[in-house]
Amino acid sequence: MRKFKKFAVLGLACAMMIGSIVPVSAADVSVSEGDTQSAKTNISLVKENPAPTFTVGIPASATINSADATTIAFTMDEDSLNAIPDGKKVSVSIADAGYGDTTGKFALGSEDNQEATYKVYPSRYSTRPADAYDIGDLLISFYGNERVTDGTASVSRAIKADNYDEIAAGTYTGNITFSIDVRNQ
């Protein structure tokens, strides 16, 4: 009987211990009066570094109306310039050019299927054919440390018709597509 009482006491003690063990998780913690439980919560902080946005002014149109080069200006406001990170630049490249179904060519087309070719140059004073840009070339870049006038930085390039005097009279139209990106200096 003594052995039975010892097992009974031992069994009761085990039952009390098992009854007081409560699994603890951060989501659900149960506590009874006079009892103390603990739980752990992992905390993390995420601060995103939003990529700055840069606005480049691209000319909507350019008209060639003489044998002289026509200037087109690309602009960037001071706020966009100041947002350019150190060691980076905002660049404008010539992605494509053409008219109608014709692409990959600095040319304009007329309604009567005539073609007028042109070239893009670094400036109106540098219009030698060897100085002309090709499709895919980097045209201009803006850097964060540029001086501005009236809150805007401006970089100009020139467009000049090839053999302007030999082009038949008429209106010729086409387009240039520019690619703008942020890259290392």
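Worth saying up front: this structure is predicted, and the values here are computed from it rather than measured.

A word on the environment of Ala-67
Here is step 1: Tracing the chain through its elements places Ala-67 in the loop between strand 1 (56–57) and strand 2 (70–77).
Here is step 2: For the pair Ala-67 and Tyr-164, spaced 97 residues apart in sequence, the C-alpha separation works out to 5.3 Å.
Here is step 3: Apart from residues no more than four positions distant in its own chain, Ala-67 is found in contact with Lys-160 and Tyr-164.

Some words on the pattern of salt bridges
Here is step 1: The full count for this structure, using the stated rule, is 4 salt bridges.
Here is step 2: Lys-105 is paired through a salt bridge with Glu-115; the nearest N and O atoms lie 2.8 Å apart. Residue Lys-105 is located in the loop between strand 4 (102–103) and strand 5 (107–110), and its partner Glu-115 is located in strand 6 (residues 115–121); the two are separated by 10 residues in the primary sequence.
Here is step 3: We classify Glu-115 as partly exposed; its relative accessible area is 33%.

Here's the deal with the confidence of the model for the protein
Here is step 1: Averaged over all residues, the pLDDT of the protein equals 84, while 85% of them reach at least 70.
Here is step 2: Within the model, pLDDT remains below 50 along residues 4–26, and this stretch shows 9 contacts once partners closer than five positions in the same chain are excluded.

Re unusual backbone geometry
Here is step 1: Phi at Asn-113 is positive, roughly 65 degrees, even though this residue is not glycine.
Here is step 2: Tracing the sequence through the fold places Asn-113 in the loop between strand 5 and strand 6.
Here is step 3: A residue is classified by how much of its surface remains accessible, and Asn-113, at 72% relative accessible area, is exposed.
Here is step 4: Of note in this structure, Asn-163 is not a glycine but carries a positive phi near 50 degrees.
Here is step 5: Among the structural elements, Asn-163 can be located in the loop between strand 8 (152–161) and strand 9 (172–173).
Here is step 6: Judged by relative accessible area, Asn-163 falls into the exposed class, the value being 52%.

The rules behind the values
- Residues numbered from 1 in each chain as written.
- Predicted model: local features only at pLDDT ≥ 70, side-chain atom pairs only at ≥ 80, totals over all residues.
- Heavy atoms only, no water.
- Helix = DSSP H or I, 4+ residues; strand = E, 2+ residues; numbered from the N terminus.
- Contact = heavy atoms within 4.5 Å.
- Salt bridge = Lys/Arg side-chain N within 4 Å of Asp/Glu carboxyl O.
- Buried < 20%, exposed > 50% of the residue type's maximum accessible area, 1.4 Å probe, protein only.
- pLDDT = per-residue confidence, 0-100.

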